[in-house]
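# A closer look at the structure
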Amino acid sequence: RMRLSYNWLRELVPGLQASPEELATRLTSGGLEVESIKPFAAGLDQLLVAEVRRIEPHPERKNLRLVTVNRGSGHEQRVVCGAANVPAPGGRVVLAPLGAKLSGAPEPLEPREIGGVLSEGMLCSETELGLAEASEGILVLSEGTAGASFASVFPGASDVILEIGVTPNRPDALGHVGLAREASALFDLPFQMPEAGTPQRELSQEASELVSVDVQDFERCPHYAAAVVTGVRIGPSPAWMRWRLAALGIRPISNVVDITNWLLLEFGQPMHAFDLAQVRGQRIVVRRAREGEPFATLDGVTRSLDPDDLVIGDAEGPSALAGIMGGLNSEIRDTTDRVLLECAYFQTRGVRRAARRHGLHTESSFRFERGVDWARVPLVLERAKVLLTELAGGSAARGAVHAKTALEVPVMRLRSRRLDALLGVPVPFQEAESILQRLGFGVARAGAGDELEVKGASHRPDVAREADLIEEVARVRGLDQIPTVLPAIQPQTPRNTGKLERALAREAASLGLSEAVTYAFVSPRELEAVGAPPAVVTLKSPLSEERSVMRTSLLPGLLEALARARRRGERAVRLFSIGSRYLARQSDASATDRVRSASDPAWLPDELRSFAAVLAGPRPAYLRKPEEVDLYDAKGVALELIERLSGVTPELRPATTNPTHLHPRGAAEIWAGELRLGSLGPLHPEVKGRLELDGAALVIEIDLAALQRLGKRTPSFRPIPRLPAVTRDISLTVSEAVTVGEVVRVLREAAGKLCESVELFDQFRGGPVPAGQRSLALRLVYRDPLAALEPERARTLTDKEVDACHAGVVRAASERLGGTQRA
């Protein structure tokens, strides 16, 4: 965030008459969101300038004195004061009369008896005024008439501070000059760039005679400049500077440090001041750090540097971590009399990496990470020299030492027809030209007059192409100037799985599952852990390694949610997710299998919409010990979902391949006829080990494109049969290799149209059953098919008819399944 002083802004844009609230509205509509507006030192009009008349010792307290002051028109009052710096009679002080509200005080000032003497007010220090966190004495004024309000002596003391949320693409808004340029463009007012001025005192020596600069890495430091000021006297800054720094949240320290902070807030350009006496060899070296090189920063922490760190060193070692923080070995001290001023431009990515590596996030790094105005380096450095000679009594060496490489801004073109087409509204081209000029871009007419050649600005690194220029014109004119128009489109039948996905989510929830919304970005390590295909889409600028590739499976997100639930003590987990998987393109995949772009470039992956679920923990139990979910729970959920949505009863088949994320003894595929819909099974122990999961975990995966091809279920209703059914049980011994699904299918086909259902109700292994085989007991229900379709024509089946059908069942079990009937 950036704090903006309303008073300072009006000094840079003298014609600005808008109130702070109007300014905030206009800045926000222009893309710089003002998050708060707060008055600073709003109660100063209650404070008075008072003249000291008499100073007497306190009758009972040795460390206190009685000060009689004239508060105007000869009216005198007595104040008990403990400050040692009360001026002699005739001096000017700040009086808080009774009823005044001081900074940080919860209640107005009231009369107070101190050691038997009534104090009728308070002589204010910088602490009471909100100017400093601590002060050794009261504030002594050099001017002011007794009885005048303090606000009249310091007209800029009362201020309004606007706090602005600056987006990373707007480094120019991190200084008052940039914000003044923005206000100038928004309100179409002239803007005054601060001038450097001329040093009050100047040495006969050149800066290059007092210090040398050696930049060994121009990629990370394209421009480094240094200046020297000698004869400096370290002390407090003048009240007007300290007051404004305090208003903007910067604690005043000393004149030298305060000047660098002033320029930071003015131009958004971080600076650093070195004690030249501590710069060994009078030499500055900008280089990469050595592996493990120790360096003590100004916060008192000794850090081990990395070869990727850029340091500002001297002849013997590092003196500052470039763009982030200076070192203890060259900080400004009370005895400093020669100051080396640094003003530079550092590469943004290098500062960002170093700040993150060392956990150092400073006002300086905040700006360098986003990009400072490299073209303003000479101006800022010269202005720092001038302020040091004015406020610290120094003498500036002639010129400065610059070490730099060529930096250029882009040259763009802006076409009138493109401007109108992109904004959807005609924009006077002359107005667009004026806006870009006010924003600081170099503009010249080109072509037939309907085209501009625009030279980029060093303070706006985010503007690099024609679309950026059009955006600048749009936001300065006001986005409310662009009318809302309903696009002319022809409704088309959706070609995606949206309706199916909504129905699938609804049915999954009705079966007791909860939806988990997971990231489409994962890490390669997570994909490898669940045995998913390797990623084919890698992000160029990921937020972190954990979000660096596009997922090829929905399982990483679901299993991470399962692991998080387990860490929090939740055992029963039933989660599902619907989303896209991004796989390598298959040449034989149909268009319905994936979401393609209009141009369908060859490098795009196949984007497959999928459903995945994970079941873990105990199933609900009543009056008995809970049991862990198993394969049949997953089977029930998967088959029920598909049947509810499509009306088709799918079947499970053994996995034809060996999926690495599923246990080989439980992996199964879901089929509907010859259409493969997905897979399910228990999670492989190795996968659970890699994810540190305990207990059973079942996963289900369904391809939504395949599910959509099954069609939509059409509800149908049949009357309840009035005629009884005939049941026959059969017990078969079959090989373990024969699945129950295959047994049911064969028996149903053999039983014919009179068979209503075939259901397994028991299975047995061991005992008299030979090894490698199992005994299955199934119940077949026979009924006239007309009983449910045309009840008036239906009849009760005879034993002879049922026996004939059942004999075919026994024969098919022997011939097609290799089974034998048990007695």
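Residues numbered from 1 in each chain as written. Predicted model: local features only at pLDDT ≥ 70, side-chain atom pairs only at ≥ 80, totals over all residues. Heavy atoms only, no water.

## Considerations on the overall build of the protein
Put simply, the rule reads: Only DSSP runs of H or I reaching four residues or more are called helices, and only runs of E reaching two or more are called strands; each is numbered from the N terminus. Atoms counted for the radius of gyration: C-alpha only. Globule rule: 2.2 Å times residue count to the power 0.38. To sort residues, take the accessible area from a 1.4 Å probe on protein chains only and compare it with the maximum for the residue type: under 20% means buried, over 50% means exposed, and anything in between is partly exposed. Working rule for contacts: check all heavy atoms of both residues, and any pair within 4.5 Å makes them a contact. Reported accessibility uses the Shrake-Rupley method at a 1.4 Å probe radius. Residues are deemed covered only where the shown protein chains occlude them. For the charge count, each Lys or Arg is scored as positive and each Asp or Glu as negative, with His and the chain ends excluded. Taken as the charge location is NZ of Lys, CZ of Arg, CG of Asp or CD of Glu.
In terms of regular secondary structure, the protein is built from 22 helices and 40 strands. The C-alpha radius of gyration of the protein comes to 41 Å, more than 25% above the 28 Å expected for a compact globule of 823 residues. Dimensions of the protein, computed from C-alpha atoms along their principal axes, come out at roughly 130 × 80 × 60 Å. Going through the 823 residues of the protein one by one, you find that 49% of them count as buried. Long-range contacts, defined here as pairs at least 24 residues apart, represent 69% of the contacts in the protein between residues at least 6 apart. Surface summary for the protein: the accessible area is close to 40600 Å², and the carbon and sulfur share equals 50%. Mean positive and mean negative side-chain charge positions of the protein (102 and 106 charges, respectively) differ by 5 Å.

## Here we look at helix H6 (residues 239-247)
Where burial is concerned, most of H6 is hidden: 8 out of the 9 residues are buried. By the burial criterion, the buried members of H6 are Ala239, Met241, Arg242, Trp243, Arg244, Leu245, Ala246 and Ala247. After H6 finishes, the residue glycine 249 shows a positive phi value of roughly 85°.

## So, the packing of aromatic side chains
Rule in force here: The aromatic pairing rule takes the rings of Phe, Tyr and Trp, using the six-membered ring of Trp, and pairs them if the centres are within 6.5 Å, calling planes under 30 degrees apart stacked, those over 60 edge-to-face and the rest tilted. Charge-over-ring placement is defined geometrically: NZ (Lys) or CZ (Arg) within 6 Å of the ring centre, and within 35 degrees of the ring normal.
Taken as a whole and judged by the stated rule, the model has 6 aromatic pairs. Judged by centre distance (5.0 Å) and plane angle (65°), the rings of phenylalanine 346 and phenylalanine 368 are edge-to-face. Highlighted residues: phenylalanine 346 in the loop between strand E22 (338-345) and helix H8 (348-358) and phenylalanine 368 in helix H9 (residues 363-368), separated in sequence by 22 residues. Neither phenylalanine 346 nor phenylalanine 368 differs from the other in exposure class; each is buried. By the ring-pair criterion, three or more aromatic residues cluster together here, those being Trp8, Trp240 and Trp262. Over the ring of phenylalanine 366 we find arginine 370, and its NZ or CZ is 3.8 Å from the ring centre. When the ring centre of phenylalanine 761 is taken as origin, the NZ or CZ atom of arginine 779, which lies over that ring, is 4.6 Å away.

## As for helix H12 (residues 429-438)
Just so we agree on the cut-off: This arc is taken over the directions from the axis of the helix to the C-beta atoms.
Within the span of H12, buried status applies to Phe429, Ala432, Glu433, Ile435 and Leu436. Looking down the long axis of H12, one finds its buried residues gathered within 160° of arc, a one-sided arrangement. Packing partners of the buried residues in H12 comprise strand E25 (411-415), helix H11 (416-423), strand E26 (442-446), strand E27 (451-455) and helix H13 (466-477). At the C-terminal side of H12, glycine 440 shows a positive phi close to 95°.

## Re the nonpolar core
As a reminder, the rule being used: The nonpolar core is taken to be a set of buried Ala, Val, Leu, Ile, Met, Phe, Trp, Tyr and Cys residues, with the residues joined through side-chain atoms within 4.5 Å.
Grouped together as the largest cluster of nonpolar side chains are 96 residues, with contacts concentrated most on Phe150 and Leu341. Ignoring any residue separated from it by four or fewer positions in sequence, one finds phenylalanine 150 in contact with Leu44, Leu47, Leu48, Val49, Val94, Leu129, Leu139, Leu141 and Trp243.

## Comments concerning the sheet that holds strand E2 (residues 33-40)
Condition: At least two bridges found by DSSP between two strands are what make those strands a pair. Each axis is a line fitted through C-alpha atoms, taken for helices only over the stretch in contact, and angles between the N-to-C directions span 0 to 180 degrees.
Read across the sheet, 3 strands follow the order E1-E11-E2 without closing on themselves; strand pairing throughout is antiparallel. Each edge of the open sheet carries a strand with a single partner, namely strand E1 (2-5) and E2. Shown here is a sheet whose adjacent strand axes are inclined to one another by a mean of 25°, direction ignored. As judged from the 7 bridges shared by E2 and strand E11 (residues 159-165), these two strands associate in the antiparallel manner. Looking across to E11, one finds that phenylalanine 40 is bridged to aspartate 159.

## Focus on the side chain of histidine 806
Relative to the elements of secondary structure, histidine 806 occurs in helix H22 (residues 799-817). With near-sequence residues (within four places) excluded, histidine 806 lies in contact with Arg728, Asp729, Ile730, Leu780 and Tyr782.

## Some thoughts on the pairing of E11
Of all 7 residues that make up E11, 6 are buried, and the element is covered over most of its length. Here 4 bridges tie E1 to E11, and the two strands are oriented antiparallel to one another. Paired with arginine 3 across the two strands is glutamate 163, which belongs to E11.

## Side note on a positive patch on the surface
Selection criterion: A patch consists of residues whose relative accessible area exceeds 30% and which take part in no salt bridge; residues with like charges are grouped when within 9 Å of each other, and nonpolar side chains (Val, Leu, Ile, Met, Phe, Trp, Tyr) when within 5 Å. The salt bridge criterion pairs a side-chain nitrogen of Lys or Arg with a carboxyl oxygen of Asp or Glu, the two atoms within 4 Å.
On the surface, Lys499, Arg502, Arg506 and Lys712 cluster together into a positively charged patch. Residue class for lysine 499 comes out exposed when judged on its relative accessible area of 67%.

## Considerations on the layout of surface pockets
Basically, it comes down to this: A pocket here means an open set of points on a 1 Å grid, computed over the protein atoms alone, that has protein on both sides within 12 Å along at least five of seven lines. A cavity is instead a set of points where a 1.4 Å probe fits but cannot get out; residues with an atom within 4 Å of a point line either one. Grid points are joined across faces, edges and corners, and a volume is the space filled by probe spheres set on the points. Following the grouping adopted for this structure description, the nonpolar residues are Ala, Val, Leu, Ile, Met, Phe, Trp, Tyr, Cys and Pro, the charged ones are Asp, Glu, Lys and Arg, and the polar ones are all others, Gly among them.
Of the volumes computed, that of the largest pocket is approximately 1300 Å³. Lys635, Leu652, Thr739, Val740 and Gly741 are the residues nearest the centre of the largest pocket, which is lined by 35 residues in total. Secondary structure elements with two or more residues in the lining of the largest pocket: helix H17 (631-646), strand E33 (651-654), helix H20 (740-751) and strand E38 (755-764). Partitioned by chemical class, the residues of the lining of the largest pocket number 16 nonpolar, 6 polar and 13 charged. Val257, Thr260, Asn261, His272 and Leu298 are, among the 31 residues lining the second largest pocket, the residues nearest its centre.

## Things to note about the pattern of salt bridges
Per the counting criterion, the structure on display carries 60 salt bridges. One salt bridge connects arginine 370 with glutamate 369, and the closest N-O pair in it is separated by 3.9 Å. Under the relative-accessibility criterion, glutamate 369 is labelled buried at 13%. A salt bridge links arginine 653 to glutamate 651; the nearest nitrogen and oxygen atoms lie 3.0 Å apart.

## Observations regarding the confidence of the model for the protein
Our working definition: What pLDDT reports is the predictor's confidence in each residue, on a scale of 0 through 100.
Across the protein, pLDDT averages 89, with 95% of residues at or above 70. Residue range residues 588-601 is modelled with pLDDT below 50. Its contacts to residues more than four positions away, or to other chains, number 20 contacts.

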